[in-house]
Amino acid sequence: GRYTGNALQMVDSGDYLVPAYSPDRVNFTKPPMTYWAISASVKVFGRTTWAARIPNALAYLLTGLLVFAMGRVLVPEKPWLPALVYACALAPFMAANVVSTDTLLTLFEALAMYGFIAATFGTASSSPSRRASVNLMWLGFGLAFLTKGPPGLMPLLGVVPFMIRRDGWRGMRACLSWSGFALFLISGFLWYAVVMIRHPWLVHYYLHNEIYERIFTGVQNRNPQWYGWLRAYGPVFLVGTLPWWGSLLRGVRRVASVERLRSWWNHPSAPLFLLLWFSVPLVVFCVAKSRLPVYVLPLFLPLSLMLAIMLRTRINLASLGQRVALVAWIVVMLGIKGGISYFGHPLSDERAHSNALNSLVDSSSYHAIVFVQDTDYGVAIEEHTPWGMRLYTGKTIYGVAWRKTGAKAKVCRLLQDHEGVLFALDENIRMQTFDQALASCHGNRHMQSGHWWDRKLVLAHAIPVHSPDHAQ
């Protein structure tokens, strides 16, 4: 909902530079690439859930094509196999139409790493020229940075040690070019430069809130416990690697061999690079205090390539049995996703909440919905306000932290800005206190509209200063 709400705010306001939840709340927690993609889709296909999900669904398909391109270099005898492994792994498939940054991020990281693999391991017949490949790598990193900031550069944690080990520090020159650097700056940093010039406070915000706090503190309450990495990422790799468990276990035993690791280290080639690409970012994800399951989605790229290398002598689609097994697994994946979609609506299903709200209150009687939450914490407003209801109700959504200084003044201002406002209050907020706040606003009338979800509803209208009602 947060991503879709931001995209709709861009479409409605015409401001595609500054992401915002609503006209009064900007949102710089993520760069704008995901919002731009959803906005473009909404402009073309209309305000539907299909339009909101299409960009990520397309990103999943394009990522598969890029993994195929990597396969042409690393598994030339069966270039389709890495793409098959990636597309049929449960985690990428389940994430394919989830509205978040991570599927788009995976696409752009795949673009970057295809460029690196083509430049480092490719031949004239399987890859573009080295210079074009290096430029492609930096373009991919720029787009990844514009999608999620520093996490988009995680694959470099595998690239740098591999190149140093293989060719020494001078080997890093092979990954650098002036044109590639220019592409990276234009695609990845131009937006940051513009918004930081307009909003100088963003420099501190990004360095402190988005880097320091996410890595070293649990302020966002995203599995910050010492075991949080296991709770967040364990199920992803345990369930998300289906149906490749057998090969994955064999691969773990293979990598666990000290002799094999020593051999890879002494003779650095593609297996060592893929291992570094997977393991070094994974360690960083585990150490960081902010952890969500989708963060490790890009790691299914090197994982798929490693599994394909191990499976290249075992998978043969000329076999009728393997073709039948493949079709059966695709049916199972579709059944799982369809079953969850149809039967497993979450408690936070914003379409269901919107329909229930419309049955309680005439939607033509108000123009905005304001969620008043019993908190003074800004992150709680950003993460717990159902911004996605904007797609289903067509109303602008606001969030107000009731215990924060200036909350009552903000309520009055929103009431004056809109002809009618529907306030949805936390259960803990006393109606008498809120009524007194509304009474202090300049000219208004309001009526309590009952309960909805776990909230109290108050429908309020500002009275024009010169109207008879106001005079009375």
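Our subject is the structure listed above.
Every residue gets a number counted from 1 within its own chain, in the order that chain's sequence is written. A pLDDT threshold of at least 70 governs which residues receive local features in this predicted model, and a stricter bar of 80 or more applies before side-chain atom pairs are shown or counted, although totals over entire chains, interfaces and linings include all residues. For side-chain calculations, the full set of non-hydrogen atoms in the structure is used, while hydrogens and water are omitted.

S.K.: Even after reading the chapter, I still don't get a nonpolar patch on the surface, so can you show me in this structure?
M.R.: Patch membership requires over 30% relative accessible area and the absence of a salt bridge. Like charges are linked within 9 Å, and nonpolar side chains (Val, Leu, Ile, Met, Phe, Trp, Tyr) within 5 Å. In short, Shrake-Rupley with a 1.4 Å probe defines the accessible areas, and a residue's cover is counted only from the protein chains shown. Any carboxyl oxygen of Asp or Glu that lies within 4 Å of a side-chain nitrogen of Lys or Arg is treated as forming a salt bridge with it. Together, V203, L207, I211, Y212, I215 and F216 make up an exposed nonpolar region whose accessible area comes to about 550 Å². Counting through the fold element by element, V203 comes out in helix α10 (residues 202–216). Remark: exposure states derive from per-residue accessible area (1.4 Å probe, protein chains only) relative to the maximum for the residue type, with buried under 20%, exposed over 50%, and partly exposed in between. Residue classification places V203 among the partly exposed residues on the basis of a relative accessible area of 41%. Strands here mean DSSP runs of E at least two residues long; helices mean DSSP runs of H or I at least four residues long; both are numbered from the N terminus.

S.K.: Explain the pattern of salt bridges here, please?
M.R.: Once their charged atoms are close, side chains differing in charge can pair, the charge on each being opposite to the other. On inspection of all chains with the given rule, the structure shows 13 salt bridges. The partner of D24 in a salt bridge is R413, with the nearest N and O atoms 3.6 Å apart. Here R413 lies in helix α20 (residues 407–417) and D24 lies in the loop between β1 (20–22) and β2 (25–26), a separation of 389 residues in the sequence. By relative accessible area, which is 27% here, D24 ends up partly exposed. Taken together, the salt bridges that share partners define one network made up of D24, K410, R413 and D417.

S.K.: Just checking my understanding: could you explain helix α3 (residues 49–74) for this structure?
M.R.: Every α-helix winds through 3.6 residues per turn, so residues three or four apart in the chain are directed the same way. By this rule the span expected of a helix is its residue count minus one, scaled by 1.5 Å. For α3, spanning 26 residues, the distance from its first C-alpha to its last is 38 Å, which sits close to the expected 38 Å at 1.5 Å a residue. The largest bend in α3 amounts to roughly 30° and is located at P55. The bend at a residue is defined as the angle formed between two axes, one fitted to the seven residues ending at that residue and one fitted to the seven starting there.

S.K.: Teacher, can you tell me more about the packing of helix α6 (residues 102–121) against helix α8 (residues 156–167) here?
M.R.: Packed helix pairs are characterised by how far apart their axes lie and by the angle those axes make with each other. All axes are obtained by fitting lines to C-alpha atoms, using only the stretch in contact for helices, and the reported angles, taken between N-to-C directions, cover 0 to 180 degrees. In contact at an axis separation of 13 Å, α6 and α8 are set at 10° when each is read in the N-to-C sense. Comparing their axes, α8 and α6 come out roughly parallel. Counting all contacts with α6, which are made through M113, F116, T120 and F121, the residues of α8 involved are V159, F162, M163 and R166. Think of it as three bins: nonpolar holds Ala, Val, Leu, Ile, Met, Phe, Trp, Tyr, Cys and Pro, charged holds Asp, Glu, Lys and Arg, and polar takes everything else, Gly as well. For the contact of α6 with α8, the per-class residue count stands at six nonpolar, one polar and one charged. Any angle that is under 35 degrees is reported as roughly parallel, and any over 145 degrees as roughly antiparallel; angles of 65 to 115 degrees are reported as roughly perpendicular and all others as oblique. The contact definition used throughout considers only heavy atoms, calling two residues in contact when any of these lie within 4.5 Å.

S.K.: Would you mind going over the packing of helix α1 (residues 2–13) against helix α2 (residues 33–45) with me for this structure?
M.R.: In the contact formed by α1 and α2, the axes pass within 8 Å of each other and the chain directions differ by 65°. Relative to α2, α1 is oriented so that their crossing is right-handed. Packed against α1, whose contacting residues are Y3, T4, N6, A7, L8, M10 and V11, the element α2 presents T34, Y35, W36, I38, S39, V42 and K43 at the interface. Among the residues forming the contact of α1 with α2, the class breakdown is nine nonpolar, four polar and one charged. Each helix crossing is assigned a hand: it is left-handed if the near helix lies turned anticlockwise from the far helix by less than a right angle, otherwise right-handed if that turn is clockwise.

S.K.: Could you clarify how one ought to interpret the pairing of strand β5 (residues 420–426) in this entry?
M.R.: Two faces, one strand: in a regular strand the side chains alternate between the faces of the sheet. Counting buried residues along β5, seven of its seven residues qualify, which places the element largely inside the surrounding structure. Only when DSSP finds a minimum of two bridges between them are two strands counted as paired. Pairing geometry for strand β3 (residues 368–373) and β5, over five bridges, is parallel. Looking at the pairing, F371 lines up with A424 of β5. Across seven bridges, β5 lies against strand β7 (residues 455–462) in antiparallel orientation. Counted as the bridge partner of L425 is K456 from β7.

S.K.: Looking at this structure, how should I read the side chain of T34?
M.R.: Along the chain, T34 turns up in helix α2. The exposure class of T34 is buried, given its relative accessible area of 1%.

Purely geometric numbers; function is a separate question.
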